[in-house]
Amino acid sequence: MSDRRQRQKELRAAKREAERKREARSELGRRLLTALGFGAVVVGFFALTTIFDGDGTLPTGYELFRSQPTACDADAPAEEEVLEFDAPEVQQDLQDATSATATVETSCGTFVIDLALDYPATVNSFVFLAREDFYDGQVFHRVLEGFDIQGGDPAANGTGGPGYRVPDEFPPDDFVYEKGAVFMANQGRGTTGSQFRIAMDDLTILNPSFNLLGYVVQGMEVLEVIEQVDTAISPGTRENSLPLESIYIEDVVIEVSGP
């Protein structure tokens, strides 16, 4: 084949590839208009056009977060290892503990949770999962400014869990999830798993139907930085809570004090 024919062949191939990419971007724009809504299209389009796969499909869930920049100019940690268990093992050192804390290291800094030992099944499960490195490499998949921050989902879309359910341990009827309270997400009675939420204001509109895990006692300023990460409308909702930069949980370290 002559050099001229070879160059013509390469030019045609380049044009086909450019057309394919234009079609992929057009399809992405149409999906964003549907999923993100008009108010987030500009932000979502420029954030996501850089991360779609080579075949033009949008990453979803954890894959989407791995495709995004990491918040706070941090480096992304190693990818999560997705783990499932039949039940949490009993943490013997919690049985006679007088206090226990969880130090959560994130892309944006560290915060500390004073664990609520009077909610024993909830705390035992969280401590077990932390010690199994279940949370390492996961993301905060939901950040709703002025309300709460949510993580602990290996699927990073609100559907994942540890493979088992934690018994309901709801607070008293007059309980209020105050700013700094950490409580477990659920989808109704008998559905608590590994996902947890951190109140970023006094959530007086919530019924006390979520297991309490504890309270943030150090590092609230870190959570306030996380709260300011740019977000878009989360697909399938009207909630502006999908982080456009990924906030990772790098490690959760448990410390238990005895009598």
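Starting afresh in each chain, residues are numbered from 1 along the sequence in its written order. Since the coordinates come from a predicted model, pLDDT governs what is reported: local features require at least 70, and pairs of side-chain atoms require 80 or more to be given and counted, while whole-chain, interface and lining totals use all residues. Side-chain metrics in this entry use all non-hydrogen atoms of the structure; hydrogen atoms and water are not considered.

Q: Can you walk me through the overall build of the chain in this structure?
A: Scanning the chain from N- to C-terminus turns up 5 helices and 10 strands. Remark: exposure states derive from per-residue accessible area (1.4 Å probe, protein chains only) relative to the maximum for the residue type, with buried under 20%, exposed over 50%, and partly exposed in between. Scored against the burial criterion, the 259 residues of the chain give a buried share of 48%. A fraction of 69% describes how many contacts in the chain between residues 6 or more apart in sequence connect residues 24 or more apart. Counting every atom, the chain has about 13300 Å² of accessible surface; 47% of that belongs to carbon and sulfur. Working definition: helices are DSSP H or I runs of at least four residues, strands are E runs of at least two. Numbering for both runs from the N terminus. We call two residues in contact when some of their heavy atoms are within 4.5 Å. Note that accessible areas follow from Shrake-Rupley with a 1.4 Å probe, and for residues the cover is restricted to the protein chains shown.

Q: Where do I start with a negative patch on the surface in this structure?
A: Judged by side-chain charge, E81, E89, E132 and D133 come together as a negatively charged surface patch. Considering the arrangement of structural elements, one finds E89 in the loop between α3 (61-67) and β1 (99-106). Surface patches are drawn from residues lacking salt bridges whose relative accessible area is over 30%; two like charges belong together within 9 Å, two nonpolar side chains (Val, Leu, Ile, Met, Phe, Trp, Tyr) within 5 Å. We define a salt bridge as a contact between a side-chain nitrogen of Lys or Arg and a carboxyl oxygen of Asp or Glu at a distance within 4 Å. Charge counting treats Lys and Arg as positive and Asp and Glu as negative, with His and both chain ends excluded. By convention, the charge on Lys lies at NZ, on Arg at CZ, on Asp at CG and on Glu at CD.

Q: Just checking my understanding: could you explain the state of the cysteines for this structure?
A: Throughout this description, disulfide means a covalent bond between two cysteine sulfur atoms. For the purposes of this analysis, a disulfide is any pair of cysteine sulfur atoms at a distance within 2.5 Å. Under the defined criterion, the tally for this structure stands at 1 disulfide. Each disulfide pairs two cysteine sulfurs, and for C72 the partner residue is C108, the sulfurs being separated by 2.0 Å. Where C72 bonds to C108 through sulfur, the torsion about that S-S bond is close to 95°, and the disulfide is right-handed. Of this pair, C72 sits in the loop between α3 and β1 while C108 sits in the loop between β1 and β2 (109-115), and the two are 36 residues apart along the sequence. Residue class for C72 comes out partly exposed when judged on its relative accessible area of 36%. You can call C108 buried: its relative accessible area is 15%.

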